[in-house]
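# An overview of the molecular structure
Chain by chain, the residues run as shown.
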Amino acid sequence: MVERRTPRTRREFMKAAVAIGSASALSACTERLDGGPDVQTGSLADVPERQHAWNAFLARDDHGNAVAPRHHVVALFDLAHDGAPTQDDREQVAAALDSLNRAYEWSNEGLLVTAGYSPYYFERFDDALSDAVDLPKPKALSPFEEPELDDPDLVVHLASDHAPVVLEAEEALVGNRDAANGVEMAGSFDGVLDRRERRTGFVGAGLPAENQDVDGIPDGDPVSEESPLFMGFKSGFTKNQASEDRVTIQSGPFAEGTTQHLSKIRLRLDDWYGEQDHEARVAEMFCPAHADSGKVEGTGESLGDDSAMDDCQNPADSATEYGRVGHSQKMATDAREDGSPIILRRDFDSTDGGEAGLHFLAVHREIGDFETTRKAMNGEQYTDNPAVRQRVNNGILEYTFVRRRGNYLLPPRSKRALPEPR
Ligand code: HEM
């Protein structure tokens, strides 16, 4: 039994309940909420054709940035039989997903949900996937990683500000509950799709601080109560995200859909917090010029809605002048189009397996856009300068270890239930 430094607060309890994710955890956490949060039911008519159309339905912070839902579950499924799905399978899966949308309003207060299909799923059909979609199999994306490559058929992402909502929705989806938010489920995945794995996480002020008692985070509670992520900074400023339009597939049978990359990154933050002060962390997360100018106070609230990458030097110049380059600064060069990033990040922290981690979930028009972005993060070219090594003084690579990668197609909502490849 691990001795806890502080008594469990309600928020910590909710997060632990998401990670455990069983029916008993669900009843325990709804009891703690005195019967559960008061969540509005929804209507299919309110759910956009773009499954990734979340921004208009999220809360905003004081600077107008979209605020990510606080609790997340990603569930990985395989079709229960060989070969292509049948029409009956499809109708059952559609009924289950439609039921969730009727049960919870489409917002951070209710439930946001996406269903995505891997390239392995499309191999079940005689026809190849439409070439209007760029969906290669996952692979290692840097010379210094050996990730496991995820090959489930389907990935479902459930997100809400309320832990009981993601838990209840997941239980209803797999057939362990007949109703969700008091609304009867017209179907579930039971018998059609087998859940092979679940990943859980959280993002938002308070949650990382309260869950920092895990491997990968040094003693002394270094993660502040204000920080939305374990590494101590805000992320996802409006001006540093791709727009939902930019990430939407433009033509072909999956127009209005998008693609999603999901990696699992292990965090080892001993040196991040043990050997570095705030200024050094700003230099590595943003850029050395921001550390000099004091532009990033605390978690980065002072940045408003823009991490001001124009005020960073070219990374090669930072390497020469400071012997180090920043994470964000590297991405803001080759991986931009018209001054904006080409991926829309929706990542969240995790303590799955008792280790500090991050489920890096992002959507983009093509998987190639993610690969371009990841290449920029690798920063191999800056090692021409002897002070910058492949993983040292090179953004946050020293502290982040990619364990798994997977690629998925998020079809438009009307085709989200076991789609045909064309
Ligand atoms: C532990 C892992 C990570 C953390 C804590 C993290 C954190 C951050 C922070 C704080 C920023 C600056 C603020 C902002 O623009 O939102 C940023 C920017 C960014 N990050 Fe990460 N990041 C991580 C991993 C990644 C990965 C794996 C990718 C993709 C390969 C990525 C892509 C980006 C992009 C595209 C930007 C914006 C750059 C621009 O302004 O053009 N990040 N990240």
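Residues numbered from 1 in each chain as written. Predicted model: local features only at pLDDT ≥ 70, side-chain atom pairs only at ≥ 80, totals over all residues. Heavy atoms only, no water.

### A look at the pairing of strand E4 (residues 154–160)
The side chains of a regular strand alternate between the sheet's two faces. In terms of burial, E4 is largely enclosed, as seven of its seven residues are buried. Here E4 shows two buried faces, one formed by Leu-154, Val-156, Leu-158 and Ser-160 and the other by Val-155, His-157 and Ala-159. As defined by bridge partners, strand E1 (residues 71–79) adjoins E4 across seven bridges and the pair is classed as antiparallel. Bridging across to E4, Leu-76 finds its partner in Val-155. Bridge analysis of strand E2 (residues 112–117) against E4 gives six bridges, and the strand direction is antiparallel. When the bridges of E4 are listed, Gly-116 appears paired with Val-155. (Buried < 20%, exposed > 50% of the residue type's maximum accessible area, 1.4 Å probe, protein only. Helix = DSSP H or I, 4+ residues; strand = E, 2+ residues; numbered from the N terminus. Pairing = 2+ DSSP bridges.)

### A look at the packing of aromatic side chains
The geometry of an aromatic ring pair is captured by the separation of the ring centres together with the interplanar angle, meaning the angle of the planes. Taken as a whole, this structure holds nine aromatic pairs when the rule is applied. Each ring, one from Tyr-117 and one from Tyr-121, has its centre 4.8 Å from the other, and the planes form 45°; the classification is tilted. We classify Tyr-117 as buried; its relative accessible area is 0%. With a centroid separation of 6.2 Å and an interplanar angle of 70°, the aromatic rings of Phe-122 and Phe-254 are classed as edge-to-face. Taken as a pair, Phe-122 in helix H4 (residues 119–122) and Phe-254 in the loop between helix H6 (207–210) and strand E8 (258–267) lie far apart in primary sequence, 132 residues in all. The class of Phe-122 is buried, set by a relative accessible area of 5%. Note on Phe-254: relative accessible area 2%, which makes it buried. (Phe/Tyr/Trp six-rings, centres within 6.5 Å; stacked < 30°, edge-to-face > 60°.)

### Let's talk about the confidence of the model for the chain
Across the chain, the average pLDDT comes to 94, with 93% of residues at 70 or higher. Averaged pLDDT values over the elements of the chain bottom out at 56 in helix H2 (residues 23–32) and peak at 99 in strand E14 (residues 400–410). Here residues 1–6 scores under 50 on pLDDT; set against residues more than four positions off or in separate chains, the count is seven contacts. (pLDDT = per-residue confidence, 0-100. Contact = heavy atoms within 4.5 Å.)

### Focus: empty space enclosed by the protein
Following the criterion strictly, the structure yields two cavities of 30 Å³ or more and no others. Estimates place the volume of the largest cavity at around 700 Å³. Residue lining of the largest cavity: 38 residues in total, with Ser-235, His-327, Met-331, Arg-345 and Phe-360 positioned closest to the centre. Mapped by element, the contributors of at least two residues to the lining of the largest cavity are E8, helix H11 (327–334), strand E13 (357–364), helix H12 (367–378) and E14. For the second largest cavity, the calculated volume is near 30 Å³. Lining the second largest cavity, in full, are His-52, Trp-54, Thr-114, His-157, Gln-260, Arg-346, Leu-361, Val-363 and Leu-410. Its residues assigned to classes, the lining of the second largest cavity comprises four nonpolar, four polar and one charged. Split by domain, the residues of the lining of the second largest cavity number at least three in each of domain 1 (10–233) and domain 2 (267–404). (1 Å grid on protein atoms, 1.4 Å probe; cavity = no way out; pocket = protein on both sides within 12 Å on 5 of 7 lines; lining within 4 Å. Points joined across faces, edges and corners; volume = space filled by probe spheres on them. Nonpolar A, V, L, I, M, F, W, Y, C, P; charged D, E, K, R; others polar. Domains from an automatic or database assignment.)

### Considerations on the domain arrangement of the chain
According to the domain assignment, the chain consists of domain 1 (10–233) and domain 2 (267–404). Of note, the centres of domain 1 and domain 2, computed from C-alpha atoms alone, are 26 Å apart. Listed as interface residues are 45 residues of domain 1 and, on the opposing side, 48 residues of domain 2. Summed over both sides, the interface between domain 1 and domain 2 buries roughly 3,900 Å², with carbon and sulfur atoms accounting for 61% of that surface. (Buried area = accessible area lost by both parts, 1.4 Å probe.)

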